[in-house]
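# A structural walkthrough
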Amino acid sequence: MRREIASRTLPKGRHRGQGARGPAAATCCDEDVPTDVPSPADSPDTSPRALESLAVELALGAAEVVTRLRGEYVGHHGLAVSAKSTATDLVTEVDRATERWLVDQLHARRPDDAVLGEEGGDRAGRSRVRWVVDPIDGTVNFVLGIPHYAVSVAAEVDGEVVAGAVSNPVSGETFRAHRGGGAYLGEQRLTGPREVPLARAVVATGFGYDAAARARQVAAVAPLLARIADIRRLGAASLDLCFLGAGRVDAYFEAALNRWDHAAGGLVAMEAGCVVSGLRGQPPGRHLYAATRPELADEFFAALESVDADRVLTE
């Protein structure tokens, strides 16, 4: 099976991955909505570059909403937190309000596009484009005041992610990419992780909300630690994948991710030259989403198979 990264054919392996490096690329919140909204009669541009530009604009605008509302709720009303699937799966008024802002913006700018949002802001569409949004990836960090959370905005065309942006409201960093155009942090092109052997690799991961699955994830990480340099558990999958593209970690894996967790960050990693894959011939998905540089991919994925990293979920 072939994996093509940066127009090169990698050695055959058992993993079905994705990756590319292209040529250089060049509600409560309605009052904050930009005013230069195109007429619905206009025909929206569906090119990856145009979708990336809008993804960046939306991610930056939503990051401003997150920052403003956090200040309002924490400073005046108190930040009310509720649970979703489990007691550790948190959501706040800021998550919901920010997603409403994103959906409203998309409805005004691209009324025919579909939307998939983490907090239920789904909308059917009539075009080939669907937007996948996570208003706050890393809500636990957000609630605790840990400055590592992000707005993630991705655009799919016919089911394939072609553009995305991930913006950290605290650091001000915004990662962006479009299919075939490379990945960038601001104007700096990203080239993926450093060249180190598996024994020196720092690997990012995360743990699910279900307690039983989390226990199995920990059991898988323990033997893996003997074969790598260290583990980082930062708490926001979209930023983990962007950090991989930026070379801040050397590899990444996680189970139980949803589409909005990895859509934009995964594209950034791929456009920075990384292989993104599942295990045992499977594509990346809910049972496992793994990524690293091409030269380390087969060894890293084989190590994950040996600890059954893709078998922590029972569904």
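See above for the structure.
Presented here is a report on the structure given in the accompanying data block. Just so you know, these numbers come straight off a predicted model, no measurement behind them.

Cut-offs applied
Residues numbered from 1 in each chain as written. Predicted model: local features only at pLDDT ≥ 70, side-chain atom pairs only at ≥ 80, totals over all residues. Heavy atoms only, no water. Helix = DSSP H or I, 4+ residues; strand = E, 2+ residues; numbered from the N terminus. Buried < 20%, exposed > 50% of the residue type's maximum accessible area, 1.4 Å probe, protein only. Areas by Shrake-Rupley, 256 points an atom, 1.4 Å probe, with all protein chains shown as cover. Pairing = 2+ DSSP bridges. Core = buried A, V, L, I, M, F, W, Y, C linked by side-chain atoms within 4.5 Å. Salt bridge = Lys/Arg side-chain N within 4 Å of Asp/Glu carboxyl O. Expected span 1.5 Å × (residues − 1). Polar contact = N/O pair within 3.5 Å; in protein donor to acceptor, adjacent residues only side chain to side chain. Patch = residues over 30% accessible without salt bridge, like charges linked within 9 Å, V, L, I, M, F, W, Y side chains within 5 Å. Axes fitted to C-alpha atoms, helices over the stretch in contact; angles between N-to-C directions. Parallel < 35°, antiparallel > 145°, perpendicular 65-115°, else oblique. Contact = heavy atoms within 4.5 Å. Nonpolar A, V, L, I, M, F, W, Y, C, P; charged D, E, K, R; others polar. Phe/Tyr/Trp six-rings, centres within 6.5 Å; stacked < 30°, edge-to-face > 60°. Lys NZ or Arg CZ within 6 Å of the ring centre and 35° of its normal.

All right, on to the overall build of the chain then. Across its full length, the chain holds seven helices and 17 strands. Counting the 315 residues in the chain, one finds 54% classified as buried. About 13100 Å² of surface is accessible on the chain, with carbon and sulfur atoms providing 52% of the total.

Next up on the list: unusual backbone geometry. Backbone geometry places Asp158, a non-glycine residue, at a positive phi of 55°. In this structure, Asp158 sits in the loop between β8 (150-157) and β9 (160-167). Here Ala256, not a glycine, exhibits a phi torsion of approximately 70°, which is positive. Positionally, Ala256 belongs in the loop between β15 (251-254) and α6 (259-271).

With eight of eight residues buried, β8 lies mostly within the body of the structure. The alternating pattern of β8 places Ala150, Ser152, Ala154 and Glu156 on one face and Val151, Val153, Ala155 and Val157 on the opposite face, and all of these are buried. Direction of pairing for strand β7 (residues 129-137) relative to β8: antiparallel, over a ladder of seven bridges. Within β8, the position partnered with Arg130 by the bridge is Glu156. Taken together, the seven bridges between β8 and β9 define a ladder with antiparallel strand orientation. Within β9, the residue paired with Val151 across the bridge is Ser167. Remark: two residues form the turn of the hairpin made by β8 and β9, two consecutive strands paired antiparallel; Asp158 in that turn has positive phi of roughly 55°.

Let's shift gears to the nonpolar core. In globular proteins that are soluble, nonpolar side chains generally tend to be buried together. Core analysis: the largest hydrophobic core is formed by 34 residues, its most contacted members being Phe175, Leu190, Leu239, Leu244, Tyr252 and Val268. Secondary-structure elements contributing two or more residues to this core are β8, β9, β10 (174-178), β11 (183-185), α5 (237-245), α6 and β17 (289-292). Ranked by residues supplied to this core, first place goes to α6 with seven residues. Ranked by size, the runner-up nonpolar core spans 31 residues in total, among them Trp101, Leu102, Val115 and Val151.

Time to look at the pattern of salt bridges. Taken as a whole and assessed by the stated rule, the structure comprises 17 salt bridges. A salt bridge links Arg179 to Glu160, with the shortest nitrogen-to-oxygen separation between them at 3.5 Å. Placement of Arg179 in the loop between β10 and β11 and of Glu160 in strand β9 is noted, with a sequence separation of 19 residues between them. Taken together, the shared-partner salt bridges connect Arg280, Asp308, Asp310 and Arg311 into one network.

As a further point, take helix α2 (residues 93-109). Here α2 spans 24 Å end to end across 17 residues, near enough to the 24 Å set by a 1.5 Å rise per residue. Listed in full, the buried residues belonging to α2 are Val94, Asp95, Ala97, Thr98, Glu99, Trp101, Leu102, Val103, Gln105, Leu106 and Arg109. Its side-chain oxygen 3.1 Å from the backbone nitrogen of Val94, Thr92 forms the N-cap of α2.

Further remarks concern the side chain of Thr205. Note that Thr205 resides in strand β13 (residues 202-205). What makes Thr205 buried here is its relative accessible area of 1%. Among the polar contacts made by the side chain of Thr205, one reaches the main-chain carbonyl oxygen of Phe253 at a distance of 2.7 Å.

This part is about a nonpolar patch on the surface. On the surface, Val140, Leu144 and Ile146 cluster together into a nonpolar patch covering about 250 Å² of accessible area. Looking at where Leu144 falls in the secondary structure, it is placed in helix α3 (residues 139-144). Residue classification places Leu144 among the exposed positions, given a relative accessible area of 59%.

This part takes up the packing of α5 against α6. In a packed pair of helices, the relevant descriptors are the angle between the two axes and the axis-to-axis distance. Closest axis-to-axis distance for the α5/α6 pair is 8 Å, and the angle between their directions is 0°. Between α5 and α6, the angle is such that the two are roughly parallel. Residues Ala237, Ser238, Leu241, Cys242, Leu244 and Gly245 of α5 pack against Asp261, His262, Gly265, Gly266, Val268 and Ala269 of α6. In terms of residue class, the contact of α5 with α6 is made up of six nonpolar, five polar and one charged.

Here we come to the sheet that holds β9. Here seven strands make up an open sheet; going across it, the order is β6-β7-β8-β9-β10-β11-β12 and the pairing mixed. The open sheet has two edge strands, β6 (114-117) and β12 (188-189), and neither has a second partner. This element, α2, spans β6, β7 and β8 of the sheet and lies at about 155° to β7.

This paragraph deals with the packing of aromatic side chains. Summed over all chains, the structure comprises four aromatic pairs. Ring geometry for Phe175 and Phe243: centres 6.3 Å apart, planes at 55°, overall tilted. Here Phe175 is found in strand β10, whereas its partner Phe243 is found in helix α5, with 68 residues between them in sequence. With respect to burial, Phe175 and Phe243 carry one shared label: buried. Here the basic side chain of Arg70 rests over the ring of Phe142, its NZ or CZ set 5.1 Å away from the ring centre. Seen from the ring of Phe243, Arg248 lies directly overhead, with NZ or CZ sitting 4.7 Å from the centre.

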